[in-house]
Amino acid sequence: MTGSDEAGAKGYGGGDLNTIGPGQSRAARGLLGWSAADLARASGLDEGFVTGFEAGTGDPASGQVEALRSALMREGVVFTEGDGVRLSGRQKGGDEGTRLGDLTTENDR
């Protein structure tokens, strides 16, 4: 797993299936219909951390990024190669999700 402890601010995401990037976090929340507060609650982190991480600010520790990833995966989010996200087959709807390049502030609500 890569995080700021090992690789600096750009150490997350980038297609590594063992961690997530800010866009993947936003997309996963969108698939679940979660707010930043929902993800914070599920991961045991502060809402400010979630919004800062998703904005690409700060230098998150790998353990914090893993807490986000784990919380999302418990709900059926699958992280795919190329920074993609989708819901697992066990999740209702089976929506393939929103591609990172298609994310806007409008679909982040």
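Residues numbered from 1 in each chain as written. Predicted model: local features only at pLDDT ≥ 70, side-chain atom pairs only at ≥ 80, totals over all residues. Heavy atoms only, no water.

- As annotated in an unreviewed UniProt entry, the chain is Transcriptional regulator with XRE-family HTH domain from Methylorubrum rhodinum.

**Examining the overall build of the chain**
- Each helix and strand counted, the chain has five helices and two strands in total.
- Ordered by position in the sequence, the α and β elements of the chain form the string α-α-α-α-α-β-β.
- Of the roughly 5600 Å² of accessible surface on the chain, 45% is carried by carbon and sulfur atoms. (Helix = DSSP H or I, 4+ residues; strand = E, 2+ residues; numbered from the N terminus. Areas by Shrake-Rupley, 256 points an atom, 1.4 Å probe, with all protein chains shown as cover.)

**Concerning the pairing of strand E1 (residues 77-80)**
- Side-chain alternation along E1 places Val77 and Phe79 on a buried face and Val78 and Thr80 on a face that remains uncovered.
- Taken together, the four bridges between E1 and strand E2 (residues 84-87) define a ladder with antiparallel strand orientation. Pairing of valine 77 across the sheet is with leucine 87, part of E2.
- Between E1 and E2, which follow one another and run antiparallel, lie three residues, and glycine 82 among them has a positive phi close to 75°. (Buried < 20%, exposed > 50% of the residue type's maximum accessible area, 1.4 Å probe, protein only. Pairing = 2+ DSSP bridges.)

**Re the pattern of salt bridges**
- Inspection of every chain in the model, using the stated rule, returns three salt bridges.
- Across the salt bridge formed by arginine 69 and glutamate 66, the nearest N and O atoms sit 3.1 Å from each other. Here the residue arginine 69 and the residue glutamate 66 both occupy positions in helix H5 (residues 62-74), the gap between them amounting to three residues, near one helical turn.
- Residue glutamate 66 is classed as partly exposed on the basis of its relative accessible area, which comes to 21%. (Salt bridge = Lys/Arg side-chain N within 4 Å of Asp/Glu carboxyl O.)

**Considerations on the side chain of serine 43**
- The residue serine 43 is located in helix H3 (residues 36-43) in this model.
- Given a relative accessible area of 13%, serine 43 falls into the buried group.
- Those residues within four positions of serine 43 in sequence are excluded, and the remaining contacts are Ala67, Leu68 and Ala71. (Contact = heavy atoms within 4.5 Å.)

**Regarding H5**
- For H5, built from 13 residues, the straight-helix expectation of 18 Å at 1.5 Å per residue is met to within 8% by its first-to-last C-alpha distance of 18 Å.
- Within H5, the full set of buried residues consists of Ser62, Val65, Leu68, Arg69, Ala71 and Leu72.
- Positive backbone phi, at 100°, marks glycine 76, one or two positions downstream of H5. (Expected span 1.5 Å × (residues − 1).)

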